[in-house]
Amino acid sequence: MAVALPEQTAVPRDIGFFEWFFDADTWTGSGGIIESLIDTVLLCAAATAVAALFAVPIAAVLAHYRKAQVTSTWLVSLSRAVPTFAIAALLVPWSLRRGWGFEPWPIFIALFLLAVVPIYLNTYVAIREVPEESVDAARALGYGESAVLGRIEFAMGASLILAGVRVAAIQVVATEPIRAFLGGDGLGRYVRDGFGQNNTTLVVGGIVLIGGLAAITGLLFVFLERLVLPTGVRRLVRHQGERQP
Amino acid sequence: MTTHSKRRTVAKLLAPLVVFGLVAAACGSDDDSGDSGAESGSDTTEASGSESTGTEATDAPAPDGPTIRLRGQDFSEAITIAEVYGQYLEAKGYDVDILTPAGFRTEAIDGLTNGDLDLIVDYIGGSQAALAPDAPPSADPDEIVAVIGPAYDEIGATLLDYSPAVDGDAFVVRGDSEATTISDVAGLDYVLGASSQCPERPQCLIGLEDPEIYGITFADFVTLEFGPLLGEALASNEVDAVIWNTTAPQITEQGFKVLEDDQGLFPAQNIAPIITTEVLGAYGDQLAADLDALSAMITTDDLLAWNTQTDIELRESDAVATEWLQSKGLL
């Protein structure tokens, strides 16, 4: 079978952005925007979700017992000092040699490490900053450690924790396009092909799509934060303005 | 108590910043040493230049003319080539300024056009793609020269004789592939990996799939950044063929083989110096003769050897260039 070459690779250099963007062929088919968008969204959602499932419990428990305040924060922040692209690029040969291919592990691990940072830091702060009076009151009512953590600290910190996940998700969406430079596809393909083919329309298209997805991701989390928070906590959050994310 | 612990926390949080600052400073000083290296390089060649004027076979007097500003494109082979031409001219007594390598072909040709550079060395097929993209590519270097010679004239530059050294496109497969020519690939259902330019270039994917040239149908196409990643992808069976360049040292290093371009799809990519007509005129025929003599001595094997030294053995381009020039008795 003839290779289903993406239409985008044949985009003429002098095509206008709107002409390109509103052409149905730009969106459908192999390598079209819809396929690229699905690729990107799936990977970003997976990386953020796994990072949240990993970082929130660890940070919550450590913060509850006031353990590793400096070391863990420092270690987690330090991981951000290594560029995500460098991590992914280092992992690619490793993955290839194991026969796991370009995707998904190298880019997934790199995005996971990126997402862990804000989620961990926000969760830690959220739990630690829960007013001591609330915790004391809960203990006086006979709450055990796990109940204090789960029903008091976690509920009251939910807003900040979700804000951390939101920041992580936006960063992941904005960073995921590096995968196109490491043997993958996704929305980054437009930036990559645009640079490679000296086609400004494609680069601009990639930026618009990636930026748009990041903006939508942020909006979704705002709604999610409203849905998830119990009414009482929402009222409390509104009360303590400075805790508003 | 709390302020104290907070202060400690702040100090510990700042620690990575300090470390980062030190690293950045170290990187900065590295750059500095690179610059001073180039300066000291020109110092030493001044000395050797005065020496060589006496020993030159042609007995020509020290050439007198403007400074020749030369800049390599920013990848190791081009950097070494620039060092070879630059150090060679310095040894001949010319006033040469080897600038820090930057950019690629576009920046090199722009530099010639707007007077920032006097001498560049480029691959002729690449030059044609940049200067006359609509002209049909050719595997015959003389046909390409016929196109780009006049094109360089138009921007006030002169194309000198091309070298027998070629760094062209290479269709690379694993060593155990049954194919020996690119035509053999037609029935093999290969996955091709190449840069993002490939799908839109007639000398690449378009020509490979064109029924009138190769007519290959690939099982898939993977966009891969040019460089060692191509070899990794090939070695791990992620792709079955990649478009690389003939002088990539990893090809022999990793046991790959280059298939014969039996249909002559890939354009000739001999290296050739291009110099501004103004500077060339100022020095007269001697400069052109000197450059042509050097170009004639460089071979494809030399390019491969230089790349092996810079990319595999991780040696500095200027040292590799000096050593080669000495081995040829040119320094």
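Source: prediction; values computed, not measured.

Moving on: the domain arrangement of chain B. All names here are of chain B. The domain boundaries assigned to chain B delineate domain 1 (31–165 + 269–327) and domain 2 (169–259). Ranked by the residues each element gives to the side of domain 1 that touches domain 2, the list is headed by helix α11 (residues 300–312), at seven residues. Looking at the side of domain 1 that touches domain 2 residue by residue, the classes come out as four nonpolar, three polar and two charged.

All names here are of chain B. With mixed pairing, the five strands of this open sheet are ordered in space as β7-β6-β8-β5-β9. Looking at the sheet topology across the chains shown, the edges are occupied by β7 (220–223) and β9 (256–259). When the angles between neighbouring strand axes are averaged without regard to direction, this sheet yields 35 degrees. By the bridge criterion, four bridges tie strand β6 (residues 191–194) to β7 in an arrangement that is parallel. When the sheet's bridge partners are listed, Leu-192 is paired in β7 with Phe-221. Against the sheet, helix α7 (residues 228–235) touches β5 (169–174), β6, β8 (241–245) and β9, its axis set at about 155 degrees to β8.

Attention shifts here to the confidence of the model for chain B. Residue and element names in this part refer to chain B. In this model, chain B carries a mean pLDDT of 83, and residues with pLDDT of at least 70 account for 82%. In the model, residues 1–7 has pLDDT below 50 throughout and makes zero contacts with residues more than four positions away in sequence or in other chains. Across residues 21–58 the pLDDT falls below 50, and counting only partners more than four positions away or on other chains, this stretch makes 17 contacts in the model. The ipTM for the predicted assembly is 0.70, set against a pTM of 0.71.

Along the chain, Leu-202 of chain A turns up in helix α10 (residues 200–228). The spatial distance from the C-alpha of Leu-202 of chain A to the C-alpha of Phe-21 of chain A is 9.2 Å, given a sequence separation of 181 residues.

What follows concerns unusual backbone geometry. In this structure, Pro-104 of chain A follows Glu-103 of chain A across a cis peptide bond, with omega equal to -5 degrees. Among the secondary structure elements, Pro-104 of chain A is positioned in the loop between α5 (84–97) and α6 (105–128). For Ala-68 of chain A, which is not a glycine, the phi torsion comes out positive at approximately 50 degrees. Mapped onto the secondary structure, Ala-68 of chain A falls in the loop between α3 (33–64) and α4 (69–81). The backbone of Asp-189 of chain B shows a phi angle near 55 degrees, a positive value even though the residue is not glycine. Mapping Asp-189 of chain B onto the fold places it in the loop between β5 and β6.

With that settled, the discussion passes to the nonpolar core. In terms of nonpolar packing, the biggest core is built from 87 residues, with Ala-115 and Ile-119 of chain A together with Val-242 of chain B touching the most fellow members. If near-sequence neighbours (up to four positions away) are discounted, Ile-119 of chain A is found in contact with Ala-51, Ala-52, Ala-55, Val-56, Gly-164, Val-165 and Ala-168 of chain A.

Turning to the pairing of β6 of chain B, a few remarks are in order. Sheet topology note: the β6 of chain B/β8 of chain B ladder contains two bridges and is parallel. In the sheet register, Gly-193 of chain B faces β8 of chain B, and the bridge partner there is Val-242 of chain B.

Conventions we followed
Residues numbered from 1 in each chain as written. Chains lettered and ligands numbered in written order. Predicted model: local features only at pLDDT ≥ 70, side-chain atom pairs only at ≥ 80, totals over all residues. Domains from an automatic or database assignment. Helix = DSSP H or I, 4+ residues; strand = E, 2+ residues; numbered from the N terminus. Nonpolar A, V, L, I, M, F, W, Y, C, P; charged D, E, K, R; others polar. Pairing = 2+ DSSP bridges. Axes fitted to C-alpha atoms, helices over the stretch in contact; angles between N-to-C directions. Contact = placed C-beta atoms within 7 Å. pLDDT = per-residue confidence, 0-100. Core = buried A, V, L, I, M, F, W, Y, C linked by C-beta atoms within 7 Å. Buried ≥ 20, exposed ≤ 12 C-beta atoms within 10 Å, placed from the backbone.

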